[in-house]
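Here is how the chains run, residue by residue.
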Amino acid sequence: MNLGISATEYVSQIRNGQISAEEFIAKTLDRIRTVEGKVHAYITIDEQNALNQARIIDKKIKAKERIGALFGMPISIKDNICTSGIRTTCASKMLENFIAPYDATVVSRLKQDDAIIIGKVNLDEFAMGSTTEFSCFGPSRNPWNVEYVPGGSSGGSGVSVSALECVASLGSDTGGSVRSPASFCSVVGLKPTYGLVSRYGLVSYANSIEQIGPVARKVEDIALIMNTISGHDSHDDTTVEKGRVDYLQDLNAGVKGKKIGLVSQMTGDGVDKEVSSATNAAVSKFQDLEAECIPISLDSVEHSVAAYYTIASAEASSNLSRYDNLRYGFDLGTEGYEFKAYVSKVRSNFGPEVTRRMLLGAFVLSAGYYGKYYLKAQKVRAMMKSQIDDAFKKVDFLVAPTMPILPFKIGEKIDDPLTLYLLDANTIMANLTGIPAISVPFAISSSGLPIGIQIFANSFQDKNLLQAAYALQQTTHLPEVPV
Amino acid sequence: MTKIGLEIHCQLTKLESKLFCSCKADYRNLSPNSNICPVCIGLPGSLPILNKKAVEKATMISLALGCKIPEQISFFRKNYFYPDLPKGFQITQYNAYGPTSIGSDGVVQIEEKKIRIRRIQLEEDPGRLVYEGSSEKTQITLVDYNRAGAPLVEIVTEPDFENPKQVRIFLNVLADLVENLGVSDPYLEGAMRVDGNISVEKANRVEIKNVGSFRDIEKALHFEITRQQSLVERNIPVVAETRHWDEARKITVSSRSKEEEQDYRYLPEADIPIIQIAQNKIAALKENMPESIIAKKERYAQKYGIPPQVADVLSSDKFYSDLFENAHTDTNAKEIANIITTDLMGFADTREKKLDLKITPKHISDLADAILNGTITRNSGKIALQEMVKTGKSLSDVKSSLDLGNVSDVSSLEKIIDEVFKEEEKAVLEAKQNPDTVNYIVGKVMKKTKGKASPGTTLELIRKRLLSS
Ligand SMILES: [Zn+2]
């Protein structure tokens, strides 16, 4: 049995009886036991429940009962997405033992389609970070070289899919958090259009820009999972009613006759040479597929990092205010404390990056600075949106490297927040403007590290985006993961 | 000149559910922390879902107060830490970056005075702190989140009041107005709360917070006027500050804490998309809004000839005006207005007594008809009414059980008059000389018939008798 099969292959193999759900889950759990010590993708593994669920699925298959489209497929969930019965820690001491009394909408939809939640995966604390080093449970490691960071903040999602510890995963993408680990771990990661996937049950970090997105080994797997998780949700007022879309249908439509813009500001200075040449190679592949490729200039991109960290920090400072340890949290009694003293003691449990962003956020929102920083950042956002709108009048897709540089060593940049922030330079445009973006594994560097190519489409063109990503994927032949 | 402005918090108690979740809007009489869900206690991952009915009700209040309704409204987060605030912020509205609250720039006429409304905003109520323990040392603070997320409308006036009396009149008008609109029961505990700000001539502005009731705001304002004036007279500057009303001592006390000047770091609430308020929807709301108290009062006076003062009292009270609407016909309307305002309101002068009334529109309507066609006197009617509201029995049942039927046949009445003429010879003589004193004899007859005799008939018979003897 090959654990490296895609989600769609899994479905067809289980349908024609080649494999059973129980076997597959058991094998996956073996695999997790073998590689977890090296890669540390998981925070919590729900072994017993996964096996029980798999047996139920197999019984249903035998009895020819109706089965959901995911057929007992093991899926890992980023640990900032609520799962009833399994703790949701956000990789923070603040929520170390928090068990939500409800499933996130995406989780209940996965369960309805008979996916099996095999466990919860690692992230930077409250999804704030780009390397998964800011987890209170320790960093995750890149399966392509365990000395290297896997990207982040959904590092556990990228690692667990790449290291064959599950078939697919759900991450969350606030400034590139799904696409960064997808690129660094050589898997596919989608940030859907804002409002396409419910955020109900996603622990908020920067709620005006973040989306839950799937991570998988193949573009078709992303389409399969989008079929399950996307669509309007009565628990999330920001979700949009767009009717049912089948993302698998016409996935191989190709890019013939499409116009693709290469974003100049994302391919210039500061981009690693090998990443640059991979990007040029990707453009050639699109041309081979009879797409027309032109350079596109989006000068607002130059301000995107500043705007992003202003807006995201502002929202973070508000979203994380609720952690006062009164209604849930860790073991620390209130007795003998005055309220404010208690709150400040409790909140000293946040890690360094979360603390940094909350302070920054409180500052940019404070009276006298709001106009100078927060409003200005919102203006950049509006300007970027209008530039994007103009760009999509000229082209169907935009292309850029997902990450400007190759994965680097764990610990190498952790003391340099500014350098880390610049890693997001190419991804945050999609978050600030709400458009969908996907990272497709495209090449392996001379040092054996993955390079991903990012494609953007206009809002709610997610299906077209997947078609372009699929076309690019079909041009690649990548080696198997070494771990 | 003294200037007073108000901030009134009015709960939309008539809504089924809270502002952002499906827990009950009326949290009263429930055991602590039983009316809560992941949304209203702000569990990680929960999201607010705006109650669209609350927007409707807030729009109605704004329209009734003459406010402008913007084309779109949005919500903001007001960030601060307090144990009763589960998310660390309150979802509210904020106009500093353009008018996005549900209403602004309204005006209310109270007697001769125009009170301008600065803005009206929709927001969530926090939870409640409950203190237990006798002394300060043993005191513990408990938090009850049943109220957290209850729908609240904040009404902010310009500093247009000149004295506490205008404030009282305004608050009464406002309470009647929200009750008449069917959006709130202002008499429920905590349903309507008032903060004020006040400055006397040549003095700084002082905020007054923590006032529990309407009566107390008037007292607090009086106290502040005296305090500020005496400072000014002695050339001591009035400090611009926030003062809390101390209910026990009936004085205002400086809060002396920096907390009051805290920075709320307002931030757009991205979980709730901007809401478009369609003009045709406003028109439809206007159309379907209950008749205003002023319009009602005019209709009562013009259509039924009810005296203005009676019409005023009747129209301002939703409970009684509803009863009137359901009971009256064109012919008995005036009589019903009389019964309600002179008798019924007298029996039920408190809210509890009002709720205990076992009265139906039919009771009132039967009674008015009986009085008008002379089958019962006003006096007996009052007794019958008292019995009906207590027992809920019909008028005919009450009439027979209490023997309240009219003594209307002339022969039995003449017999009683005979008796009185014998007993009251002196009075009869006097009446013959001075017809103005005849009422004394009428009174005696009424007493003997226990008020059941028709006063008109009695008087007529007595006059005849005085002339003939
Ligand atoms: Zn609730």
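Below, the structure is looked at part by part. What you see is a predicted model; the values in this text were computed from it and never measured.

**A look at the nonpolar core**
Among the nonpolar cores identified, the biggest contains 96 residues, and A:Tyr10 and A:Ile455 are the most heavily contacted of them. Inspection of this core shows a minimum of three residues originating in each of domain 1 (7–252 + 401–473) and domain 2 (259–301 + 378–394) of chain A. Discounting residues that sit within four places of it in the chain, A:Tyr10 has contacts with A:Ile5, A:Ile19, A:Ala21, A:Phe24, A:Leu70, A:Phe71, A:Gly72 and A:Met73. With 69 residues, the next largest nonpolar core counts B:Ile8, B:Cys21, B:Ala175 and B:Leu181 among its residues.

**Observations regarding the coordination of the zinc ion**
All names here are of chain B. Ligation of the zinc ion by protein atoms is provided by Cys21 (SG), Cys23 (SG), Cys37 (SG) and Cys40 (SG), these donors lying 2.3 to 2.4 Å from the ion. Classification of the site at the zinc ion rests on its four donor atoms, whose angles at the metal span 104 to 113°, yielding the label tetrahedral. Positions of the donor residues of the zinc ion along the chain correspond to the pattern C-x1-C-x13-C-x2-C. One end of the pair, Cys21, is in the loop between β1 (3–11) and α1 (52–64); the other, Cys40, is in the loop between β1 and α1, and 19 residues separate them in sequence. For the residue pair Cys21 and Cys40, the accessibility class agrees, reading buried in each case.

**So, the packing of aromatic side chains**
Under the defined criterion, the tally for this structure stands at 28 aromatic pairs over all chains. Here B:Phe76 and B:Tyr94 contribute two aromatic rings whose centre-to-centre distance is 5.5 Å and whose plane-to-plane angle is 65°, an arrangement assigned as edge-to-face. Of this pair, B:Phe76 sits in strand β3 (residues 76–79) while B:Tyr94 sits in the loop between β4 (89–92) and β5 (103–110), and the two are 18 residues apart along the sequence. The exposure class of B:Phe76 is buried, given its relative accessible area of 7%. Pairwise contacts between aromatic rings join A:Tyr370, A:Tyr374, B:Phe76, B:Tyr80, B:Tyr94, B:Tyr97, B:Tyr264 and B:Tyr266 into one cluster. Residue placement shows A:Lys242 over the ring face of A:Phe460; its charged tip is 4.5 Å from the ring centre. Over the aromatic face of A:Phe408 sits the side chain of A:Lys413, whose NZ or CZ is 4.9 Å from the ring centroid.

**Observations regarding the pattern of salt bridges**
Residues and elements named next belong to chain B. According to the stated counting rule, one finds 43 salt bridges over all chains in the structure shown. Here Glu224 ties to Arg227 by a salt bridge, and the two come within 2.8 Å at their closest N and O atoms. One end of the pair is Glu224 and the other is Arg227, both in helix α3 (residues 214–233) and three residues apart, which spans about a single turn. Each member of the pair, Glu224 as well as Arg227, carries the same accessibility label: buried.

**Digging into the pairing of strand β8 (residues 292–296) of chain A**
All names here are of chain A. Of the pairings in the sheet, the one linking strand β7 (residues 259–263) to β8 comprises five bridges and is parallel in character. Of the residues in β8, the one forming a bridge with Lys259 is Glu292. Once the chain exits β7 it traverses helix α8 (residues 273–288) before rejoining the sheet at β8, and the crossover so formed is right-handed.

**Points about helix α15 (residues 438–448) of chain B**
Residues and elements named next belong to chain B. Along α15, the positions that sit buried rather than exposed are Val438, Ile441, Val442, Val445 and Met446. Here the buried residues of α15 occupy an arc of 140° about the axis, which is enough to place them on one side. Along its buried surface, α15 packs onto α13 (410–423), α14 (425–433) and α16 (455–468). Positive backbone phi, approximately 55°, marks Lys450, located one or two places after α15.

Definitions and limits used
- For every chain, the first residue of its written sequence is number 1, and the numbers climb from 1 along that sequence.
- To label them, take the chains in the order written and letter them from A, then take the ligands in the order written and number them from 1.
- In keeping with the model being predicted, local features are shown solely for residues with a pLDDT of at least 70 and side-chain atom pairs are shown and tallied solely at 80 or more, while totals for entire chains, interfaces and linings include all residues.
- Based on all heavy atoms of the structure, the side-chain values leave hydrogens and waters out of the count.
- In this text, buried Ala, Val, Leu, Ile, Met, Phe, Trp, Tyr and Cys residues form a nonpolar core when linked through side-chain atoms within 4.5 Å.
- Buried means the residue's accessible area, taken with a 1.4 Å probe over protein chains only, is under 20% of the maximum for its type, while exposed means over 50%, and partly exposed covers the values in between.
- How far each domain reaches was decided by an automatic or database domain assignment.
- Whether two residues are in contact is decided by their heavy atoms: any pair within 4.5 Å suffices.
- Any N, O or S atom lying within 2.8 Å of the metal counts as a donor, with the limit raised to 3.2 Å for Na, K and Ca; because water is left out of the atom set, some sites can appear incomplete.
- Labels for metal geometry use angle windows, namely 85 to 135 degrees for all angles of a four-donor tetrahedral site, and for square planar (four donors) or octahedral (six donors) sites opposite donors over 155 degrees apart plus all others within 65 to 115; sites meeting none of these are irregular.
- Starting at the N terminus, helices and strands are each numbered in turn, a helix being any DSSP run of H or I of at least four residues and a strand any DSSP run of E of at least two.
- Side-chain rings of Phe, Tyr and Trp, where Trp is taken by its six-membered ring, are said to pair if the distance between their centres is within 6.5 Å; with planes under 30 degrees apart they count as stacked, over 60 as edge-to-face, and otherwise as tilted.
- We call a charge positioned over a ring when the NZ of a Lys or the CZ of an Arg lies within 6 Å of the ring centre and within 35 degrees of the ring normal.
- Think of a salt bridge as a Lys or Arg side-chain nitrogen and an Asp or Glu carboxyl oxygen that are within 4 Å of each other.
- When DSSP finds at least two bridges between two strands, those strands are taken to pair.
- Consider the strands pointing away from the viewer: the crossover is right-handed when the path from the first strand over the helix to the second runs clockwise.
- What the arc covers is the set of directions going from the helix axis to the C-beta atoms.

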